[in-house]
Amino acid sequence: MIALDIGSITYDLPESWTEVVAAGKYLDVVRVNYTHSVGEEAIAKMKVIEVLTGLNGYELGRACNAGNAKQRSELALKLDDFIAEQIVYEVFPLLDFIFEPELLTVNPLPVIKYKGVSYYGPGEKMVEQTGAEMEECGFAHSEFVKTGDEAYLDLLVAAMYRPKRFMFGQKLPYSPELAARQAKVFKGMDPILKRGVLLFYEMCEEWWRRTYESLYEQYGNDGTQDAPEIDSLANSRIVRALAGEKRGLVNDVRQMPRQEIYFELAELERERRELEKKK
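Rules used throughout
- Residues numbered from 1 in each chain as written.
- Predicted model: local features only at pLDDT ≥ 70, side-chain atom pairs only at ≥ 80, totals over all residues.
- Heavy atoms only, no water.
- Salt bridge = Lys/Arg side-chain N within 4 Å of Asp/Glu carboxyl O.
- Buried < 20%, exposed > 50% of the residue type's maximum accessible area, 1.4 Å probe, protein only.
- Helix = DSSP H or I, 4+ residues; strand = E, 2+ residues; numbered from the N terminus.
- Arc of directions from axis to C-beta.
- Contact = heavy atoms within 4.5 Å.
- Core = buried A, V, L, I, M, F, W, Y, C linked by side-chain atoms within 4.5 Å.
- Pairing = 2+ DSSP bridges.
- pLDDT = per-residue confidence, 0-100.

### Some words on the pattern of salt bridges
According to the stated counting rule, one finds nine salt bridges in the structure shown. Among the salt bridges present, the one from Glu124 reaches Lys125, with a minimum N-O distance of 3.2 Å. According to the relative accessible area criterion, Glu124 is partly exposed, its value standing at 42%. Taking the relative accessible area as the measure of exposure, Lys125 reaches 18% and is therefore buried. In this structure, Glu206 and Arg210 form a salt bridge, with 3.0 Å as the shortest nitrogen-oxygen distance. Taken together, the residues span about one helical turn, with Glu206 and Arg210 both in helix α11 (residues 191-211) at a distance of four residues. Under the relative-accessibility criterion, Glu206 is labelled partly exposed at 29%. Ionic contacts of the salt-bridge type, sharing partners, join the residues Glu150, Asp154, Lys194 and Arg195 into one network.

### A closer look at helix α2 (residues 26-33)
Among the residues of α2, those classed as buried are Tyr26, Val29, Val30 and Val32. Taken around the axis of α2, the buried residues stretch over an arc of 160°, which confines them to a single face.

### Structural notes on the side chain of Arg258
Inspection of the secondary structure assignment puts Arg258 in helix α15 (residues 258-278). Excluding residues within four positions of it along the chain, Arg258 makes contact with Lys125, Met126, Val127, Gln129, Met134, Glu205, Trp208, Tyr216 and Asn235.

### Brief notes about the nonpolar core
Counting residues in hydrophobic clusters, the biggest one holds 49 residues, and the most contacted among them are Trp17, Tyr26, Leu52, Leu156, Met160 and Tyr161. With nine residues, α11 is the single largest residue contributor to this core. Judged by nonpolar contacts, the second largest core, of 16 residues, contains Met134, Tyr212, Ile261 and Leu265.

### Side note on the pairing of strand β3 (residues 111-114)
Where burial is concerned, the two faces of β3 differ: the one with Ile112 and Tyr114 is buried and the one with Val111 and Lys113 is not. Pairing of β3 with strand β4 (residues 117-120) involves four bridges; the strand directions are antiparallel. Note on β4: the bridge partner recorded for Ile112 is Tyr119.

### Some details on unusual backbone geometry
One non-glycine residue, Lys125, lies in positive phi territory at about 60°. Locating Lys125 in the fold gives a position in the loop between β4 and α8 (131-147).

### Considerations on the confidence of the model for the chain
Model confidence for the chain is summarised by a mean pLDDT of 80, while 74% of its residues fall at 70 or above. At the level of individual helices and strands, the chain shows its lowest average pLDDT in helix α5 (residues 69-77), which scores 58, and its highest in helix α9 (residues 150-160), which scores 97. Across residues 222-228 the pLDDT falls below 50, and counting only partners more than four positions away or on other chains, this stretch makes five contacts in the model.

What follows is the structure in structure tokens.
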């Protein structure tokens, strides 16, 4: 936390996603992110400050000792120019981790409760996701981004979250059939909650992409020079790259956890480069 001193009052402002989550404000920030359109970043940042600290125009008036409720309300309509300028230049940069996000890879929504059922999501960096889950999630995410069809977002959430077995307390294994059934159930879920899942998924995927950039360049496109920016089959190509003589059939690779798939591919790439050096 960073202390934000305004007038006579000190406000605590989180300076990382971890602190936002710990403060229980993750979905509040998600709501701001998905409410304001491109070009409204200044408005969005002021709103983020409000949801994180409680600081709005009325509170600003109180902090600056505005004499009465009317005067404070007037400040709620128009902030003092000098203080507003201070916020823009001194406080806004502190929110860059939200608007140009640092990568939050610890699930801020480990459990979702919906219609009396608890659904459990992936752990840190989604490392335990199988190849099959990777494919489903990659497809659903890309199609949602391209089309805006909420059904694909429902499918993404359904592919990531599942209930636990009643007797053994273990999360149900992934299956396309279960994901398809749950996607229909999740149709009525709070859109902001679904977008909270979406943001976490995107940050984890970006972490994998940055960490294994060479694998995405080699396997994560269709081999053309100008691969599409949003590719529904990118994860499928990564899974298939390990199939065959390397690690068995495609269905075998689909049962492997994500971290093993990437490690194996990285090792194959390392071995290939070593062989090239010896030639």
